[in-house]
Amino acid sequence: MHMNFKFCVYFRTVEPLEYYRRFLKENCRPDGRELGEFRTTTVNIGSITTADGSALVKLGNTTVICGIKAEFAEPPAESTNKGYIVPNVDLPPLCSSRFRPGPPGEEAQAASQFIADVIENSEIIMKEDLCIANGKLAWVLYCDFICLDYDGNILDACTFALLAALKNVQLPKVTINEETGLAEVDLKQTNPLNIRKHPVATSFAIFDDTILIVDPTAEEEDLATGTVTIVMDEEGKLCSVHKPGGSGLTAAKLQDCITRAVTRHKEVKKLIDKVINSIKPK
Amino acid sequence: MTSPRRARRERGAVALARCMPGYEIPARGTPGAGAVVLARCMPGYEIPARSTPGAGAVVLARCMPGYEVPAQGTPGVGGQWPWRGACRGRAMAGLELLSDEGYRVDGRRAGELRKVRARMGVFAQADGSAYIEQGNTKALAVVYGPHEMRGSRSKALHDRALVNCQYSMATFSTGERKRRPHGDRKSSEMTLHLKQTFEAAILTQLYPRSQIDIYVQILQADGGNYCACVNAATLATIDAGIPMRDYVCASSAGFIEDTPLADLNYVEEAAGGPQVALALLPKSDQIALLEMNSRLHEDHLEQVIEAASKACKDVYAVLDQVVRDHVHEVTTLLGE
């Protein structure tokens, strides 16, 4: 069949699913990637100096910036030796025309909850490390994610940004003065956070109930019949398996996903280590 | 001997420090106390040893992230002054915004702009996008449109396009975490100002019944937020291919000790003197927006507006070069 460029463009608009199926039959995707290949990932750490820790992650075109601000607060009543980590994902209308101005939509709230679950389950930071004085003073880390360009796979980008930004955070040493009861902040002595685990998320889209593709773009997410996100840490432990409805998945396919997630973890860890080492001599 | 003015300044610094929880306030009589307090209020900044000459000025300069402290021997830095002298003049929280030799807190001259770096076409999803850095202020602007009206069709204008803006500051963009990124009074005011500015510049009659969205996000705020937004939005609109009457270039200006200062940073804005924000269409010298704060004698207004206009024209030169370079790059890539 004679396919010229214009025909392809019309075909893609009118029958996107058929268009995709033709690529999937050849085991590749329109942007030239293999089914198991991620888009180019880049990360930039510490660019926002007003934030205590910051990271900008680009996963292909998807761009997410994470800024962390540390403030003081009283520890919660039920666990007086813990601090707080409060994530918030914002999908503003500037990142894509599908989002309208106004209060956070479903997707943003679901993403915020996902990140909160990842922090809780993976124990990336022990909340006990954030406590300064039992029952009196603790750190609260506000992790704010802003998506600047939306091209699918927000969850992976946010998790990566979170990890990179937390590695960049420097908290000053705080001591409580016994006489006055006030906190004294020593800005000269700053310590990085103790990052215990390194969770990395890998997302998949399910096509036609059978084919799994890694790192879907926005177009692929719209055409997919389901999505799966797997969060792993370095010891090969699963922190989270997130499959919000969608078409069914056999156990064998899920096992394939997990295997791919393990290799992705190695790639991401290497990238983060390289970036951290490049900024270390200060 | 404490002059009333100095005493007031010192009280100001101490009050400021007390507002920030947990910060240690040095003893009252300590020279340079004001500056040290101020420095301690800004997290992460190193305070140089007490007896270092010019320590007061250095402390002040170090309070502002990213500003280069000029070399000790440079005139006006206070390097040649014994530290007490430097501290007396500069270290009080009143801040000497303009030294006797004509240098500002970050080492610039009165009419000098901060370094402007800009890039266009940074995002794939948007029709037009731009990122600008003016000193430490980082802003990005994204334009969608012209497209069909979203939401209420009744708001459509029969003869022109509707310009819809949103100004938003990231929660981590300011020293203290900003609780409401948008929707608060200041952001709504900025949004309205942006809308009015761009309605004057964009040729809206070419697109009746449609909508042009301009979204601006501040990633790091260090003074001149509105101006950086306008400059970024101009570049983004050009990147989107929307026809405009002229570039819209904005700059702020202040007035200290009978000298107009161009392009104020956060410290200069917070000092509370008169400030003017000016958005100009450079070729035709038409003012799109002019806003003034605080009190200024009418005799000085012309000087200040003149300084702001000159700064806008300097910004125009930079933005124009950025646009030309970008177009050159894009046409080279397309191979045409």
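Reading guide: rules and limits
- Residues numbered from 1 in each chain as written.
- Chains lettered and ligands numbered in written order.
- Predicted model: local features only at pLDDT ≥ 70, side-chain atom pairs only at ≥ 80, totals over all residues.
- Heavy atoms only, no water.
- Helix = DSSP H or I, 4+ residues; strand = E, 2+ residues; numbered from the N terminus.
- Buried < 20%, exposed > 50% of the residue type's maximum accessible area, 1.4 Å probe, protein only.
- Polar contact = N/O pair within 3.5 Å; in protein donor to acceptor, adjacent residues only side chain to side chain.
- Contact = heavy atoms within 4.5 Å.
- Salt bridge = Lys/Arg side-chain N within 4 Å of Asp/Glu carboxyl O.
- Nonpolar A, V, L, I, M, F, W, Y, C, P; charged D, E, K, R; others polar.
- Axes fitted to C-alpha atoms, helices over the stretch in contact; angles between N-to-C directions.
- UniProt positions renumbered as here; feature names shortened; annotations may be inferred.
- Parallel < 35°, antiparallel > 145°, perpendicular 65-115°, else oblique.
- Left-handed = near helix turned anticlockwise from the far one by under 90°.
- Pairing = 2+ DSSP bridges.
- Right-handed = clockwise from strand over helix to strand, strands pointing away.
- Phe/Tyr/Trp six-rings, centres within 6.5 Å; stacked < 30°, edge-to-face > 60°.
- Patch = residues over 30% accessible without salt bridge, like charges linked within 9 Å, V, L, I, M, F, W, Y side chains within 5 Å.
- Areas by Shrake-Rupley, 256 points an atom, 1.4 Å probe, with all protein chains shown as cover.

Quick notes on the side chain of Arg29 of chain A
Residues and elements named next belong to chain A.
Then step 1. Within the secondary structure, Arg29 is located in the loop between helix H2 (16-25) and strand E1 (41-45).
Then step 2. Residue classification places Arg29 among the buried residues on the basis of a relative accessible area of 1%.
Then step 3. At a separation of 3.5 Å, a polar atom in the side chain of Arg29 contacts the main-chain carbonyl oxygen of Leu35.
Then step 4. Polar contacts involving the side chain of Arg29 include one to the main-chain carbonyl oxygen of Asp215, which spans 3.0 Å.
Then step 5. In this structure, Arg29 is in contact with Phe23, Glu34, Leu35, Glu37, Ile213, Val214, Asp215, Pro216 and Glu220, ignoring residues within four places of it in sequence.

Describing the interface of chain A and chain B
Then step 1. Contacts between chain A and chain B engage 34 residues on the former and 35 residues on the latter.
Then step 2. Linking chain A with chain B are two salt bridges.
Then step 3. The closest approach of N and O atoms between Arg179 of chain B and Glu71 of chain A, which form a salt bridge, is 3.2 Å.
Then step 4. Here chain A and chain B share 15 residue pairs in polar contact (both at pLDDT 80 or more) between them.
Then step 5. The greatest single-element share of the side of chain A that touches chain B, amounting to seven residues, is contributed by strand E3 (residues 62-73) of chain A.
Then step 6. Taken together, the residues that form the side of chain A that touches chain B break down as 17 nonpolar, nine polar and eight charged.

Notes on the packing of helix H1 (residues 5-14) of chain A against H2 of chain A
Residues and elements named next belong to chain A.
Then step 1. With their axes 5 Å apart at the nearest point, H1 and H2 run at an angle of 115° to one another. Of the residues in H2, those touching H1 at Cys8, Phe11, Arg12, Thr13 and Val14 are Pro16, Glu18, Tyr19, Tyr20 and Arg22.
Then step 2. Residue classes in the contact of H1 with H2 are distributed as six nonpolar, one polar and three charged.

Here we look at the UniProt feature "domain: Exoribonuclease phosphorolytic" (unreviewed entry) in chain B
All names here are of chain B.
Then step 1. Following the UniProt record, the feature "domain: Exoribonuclease phosphorolytic" (unreviewed entry) maps to residues 112-243 and 246-311 here.
Then step 2. Secondary structure across residues 112-243 comprises 24% helix and 33% strand; the distance between its end C-alpha atoms is 31 Å.
Then step 3. As annotated, residues 246-311 has a helix share of 29% and a strand share of 41%, and its two end C-alpha atoms lie 17 Å apart.

Examining the packing of helix H6 (residues 225-239) of chain B against helix H8 (residues 298-334) of chain B
All names here are of chain B.
Then step 1. Two numbers describe how H6 lies on H8: the axes approach to 11 Å, and their chain directions differ by 30°. With respect to each other, H6 and H8 are oriented roughly parallel. As H6 packs across H8, the resulting crossing turns out to be right-handed. Within the contact between the two elements, H6 uses Asn231, Leu235, Ile238 and Asp239 and H8 uses Val315, Leu319, Val322, Val323 and His326.
Then step 2. Grouping the amino acids of the contact of H6 with H8 by side-chain chemistry returns six nonpolar, two polar and one charged.

Points about the pairing of strand E4 (residues 162-169) of chain B
Residues and elements named next belong to chain B.
Then step 1. Here E4 lies mainly inside the structure; seven of its eight residues are buried.
Then step 2. As judged from the eight bridges shared by E4 and strand E5 (residues 210-220), these two strands associate in the parallel manner. Bridge assignment links Cys165 to a residue of E5, and that residue is Ile214.
Then step 3. Handedness of the crossover is the feature at issue here: the chain leaves E4, passes through helix H5 (residues 185-201), returns alongside E5, and the resulting connection is left-handed.

Quick word on the packing of aromatic side chains
Residue and element names in this part refer to chain A.
Then step 1. As enumerated under the stated definition, the model contains nine aromatic pairs over all chains in all.
Then step 2. Seen from their ring centres, Phe11 and Tyr19 are 6.3 Å apart, and the 75° between their planes marks the pair as edge-to-face. No difference in accessibility class separates Phe11 from Tyr19, as the two residues are buried.
Then step 3. With a centroid separation of 5.2 Å and an interplanar angle of 90°, the aromatic rings of Phe99 and Tyr150 are classed as edge-to-face. Taken together, the residues span a long stretch of sequence, with Phe99 in the loop between strand E4 (84-90) and helix H3 (106-122) and Tyr150 in the loop between strand E6 (137-149) and helix H4 (154-168) at a distance of 51 residues.

Brief notes about the environment of Ala170 of chain B
Then step 1. Secondary-structure assignment places Ala170 of chain B in the loop between E4 and H5.
Then step 2. In this structure, the C-alpha to C-alpha distance between Ala170 of chain B and Glu148 of chain B, residues 22 residues apart in sequence, is 29 Å.
Then step 3. In this structure, Ala170 of chain B is in contact with Ile146 of chain A together with Lys178, Gln217, Ile218 and Leu219 of chain B, ignoring residues within four places of it in sequence.

Side note on the sheet that holds strand E6 (residues 249-256) of chain B
All names here are of chain B.
Then step 1. Strands sit in the order E7-E6-E8-E9 across an open sheet of four strands; the sheet is antiparallel. What marks the edges here is a single partner per strand, and that holds for strand E7 (259-262) and strand E9 (286-293). In this sheet, adjacent strand axes meet at a mean angle of 25° when their direction is disregarded.
Then step 2. Note that E6 and E7 share four bridges and pair antiparallel. By the bridge assignment, Ile256 is partnered in E7 with Thr259.
Then step 3. Against the sheet, H8 makes contact with E6, E7, strand E8 (275-281) and E9, and its axis sits at roughly 145° relative to E6, the strand it touches most.

Topic: the pattern of salt bridges
Any two side chains of opposite charge can pair, on the condition that their charged atoms come close.
All names here are of chain A.
Then step 1. Applying the stated criterion across every chain, the model contains 34 salt bridges over all chains.
Then step 2. Note that Arg21 and Asp208 form a salt bridge whose closest N and O atoms lie 2.8 Å from each other. Pair noted here: Arg21 is in helix H2 and Asp208 is in the loop between strand E9 (200-207) and strand E10 (211-214), with a separation of 187 residues, a long-range link.
Then step 3. With a relative accessible area of 30%, Arg21 lands in the partly exposed category.
Then step 4. Taking relative accessible area as the criterion, Asp208 reaches 29% and is therefore assigned partly exposed.
Then step 5. One network of salt bridges, in which partners are shared, links Arg29, Asp31, Arg33, Arg39, Asp151, Asp215 and Glu220.

Here we look at a nonpolar patch on the surface
Then step 1. Among the surface-exposed residues, Phe5, Val9 and Tyr10 of chain A lie close enough to one another that they form a single nonpolar patch of about 360 Å² accessible area.
Then step 2. The exposure class assigned to Val9 of chain A is partly exposed, which follows from its relative accessible area of 39%.

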